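Residue-level structural notes
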Amino acid sequence: MREVLRFFSFRVGKSMRGNRTPNGAIMAGLGHGGAESMFFTLAMIASVATAVFAPRAFIANGGDPNTILHGGPGYYLEFTLGRVLAITAHLGFATLAVLAYRKSQLFLPVAIVAHFAVDASVFSLQGILPASSPLPDLLFAGWAALSIALLVVVRRRWTAQERTTLEAAPAAAA
């Protein structure tokens, strides 16, 4: 088992070292956000199964089985929207991590604080407000929009820098 883990970590580490680019950030963000979304989806499936097969246990843990079982399609649509927004936010976090490798290590604590700010603000609102409130999703959408804006700015600047470097290379050779 140890050899399998060592091989896997070597392969992932090697591939990430060679892809510290905006495209690598997109793939890392999709991977991290996608893995987190799968985790939350499995938790949702466990909640639904508990509500169906052991409603008393669900109630004993402070839940209301009717919310999950009779919430209608809107309940699951909101959950799905939240996961899409989370994946989008992770694109920004991964972009900051790539900037930490390429530009300055100061981007790494910024990425950590940004991740904490998104989770703390959205999840705390979900805990305070009624389940029907759209405010947490609107805040999450705002964070996702900021992530997309960051990604677009970084990709444009990176492309412009690469273009300048490629144009300067033939001039230096002449």
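For clarity, every value in this text was computed on a predicted model and none was experimentally measured.

The helix and strand inventory of the protein chain stands at seven helices and zero strands. Listing every helix and strand of the protein chain by position from the N terminus yields α-α-α-α-α-α-α. Burial status across the protein chain gives 25% buried among its 174 residues. Intrachain contacts of the protein chain at a sequence separation of at least 6 include 63% that bridge at least 24 residues.

What the rule picks out here adds up to two aromatic pairs. Between Phe39 and Phe40, the aromatic rings sit 5.9 Å apart at their centres with planes inclined by 75 degrees, giving edge-to-face as the arrangement. Residue Phe39 is classed as exposed on the basis of its relative accessible area, which comes to 58%. One aromatic cluster in this structure is built from Phe39, Phe40 and Phe123. Above the face of the Phe40 ring, Arg83 is positioned so that its terminal group lies 4.3 Å from the ring centre.

Turning our attention to the packing of helix 5 (residues 72-102) against helix 6 (residues 107-128). What describes two packed helices is the angle between their axes and the distance between those same axes. With their axes 7 Å apart at the nearest point, helix 5 and helix 6 run at an angle of 165 degrees to one another. By the angle between their directions, the pair helix 5 and helix 6 is classed as roughly antiparallel. Handedness of the crossing formed by helix 5 with helix 6: left-handed. In contact with His90, Phe93, Leu96, Ala97, Leu99 and Ala100 of helix 5, helix 6 contributes Phe107, Leu108, Val110, Ala111, Ala114, His115 and Val118. For the contact of helix 5 with helix 6, the per-class residue count stands at 11 nonpolar, two polar and no charged.

The next point concerns the side chain of Ser121. Examined against the element boundaries, Ser121 turns out to sit in helix 6. Engagement of the side chain of Ser121 in a polar contact is seen with the backbone oxygen of Ala117, the distance being 2.8 Å. What Ser121 contacts, discounting residues up to four positions off in sequence, is Leu139 and Trp143.

What counts, and at which threshold
- Residues numbered from 1 in each chain as written.
- Predicted model: local features only at pLDDT ≥ 70, side-chain atom pairs only at ≥ 80, totals over all residues.
- Heavy atoms only, no water.
- Helix = DSSP H or I, 4+ residues; strand = E, 2+ residues; numbered from the N terminus.
- Buried < 20%, exposed > 50% of the residue type's maximum accessible area, 1.4 Å probe, protein only.
- Contact = heavy atoms within 4.5 Å.
- Phe/Tyr/Trp six-rings, centres within 6.5 Å; stacked < 30°, edge-to-face > 60°.
- Lys NZ or Arg CZ within 6 Å of the ring centre and 35° of its normal.
- Axes fitted to C-alpha atoms, helices over the stretch in contact; angles between N-to-C directions.
- Parallel < 35°, antiparallel > 145°, perpendicular 65-115°, else oblique.
- Left-handed = near helix turned anticlockwise from the far one by under 90°.
- Nonpolar A, V, L, I, M, F, W, Y, C, P; charged D, E, K, R; others polar.
- Polar contact = N/O pair within 3.5 Å; in protein donor to acceptor, adjacent residues only side chain to side chain.

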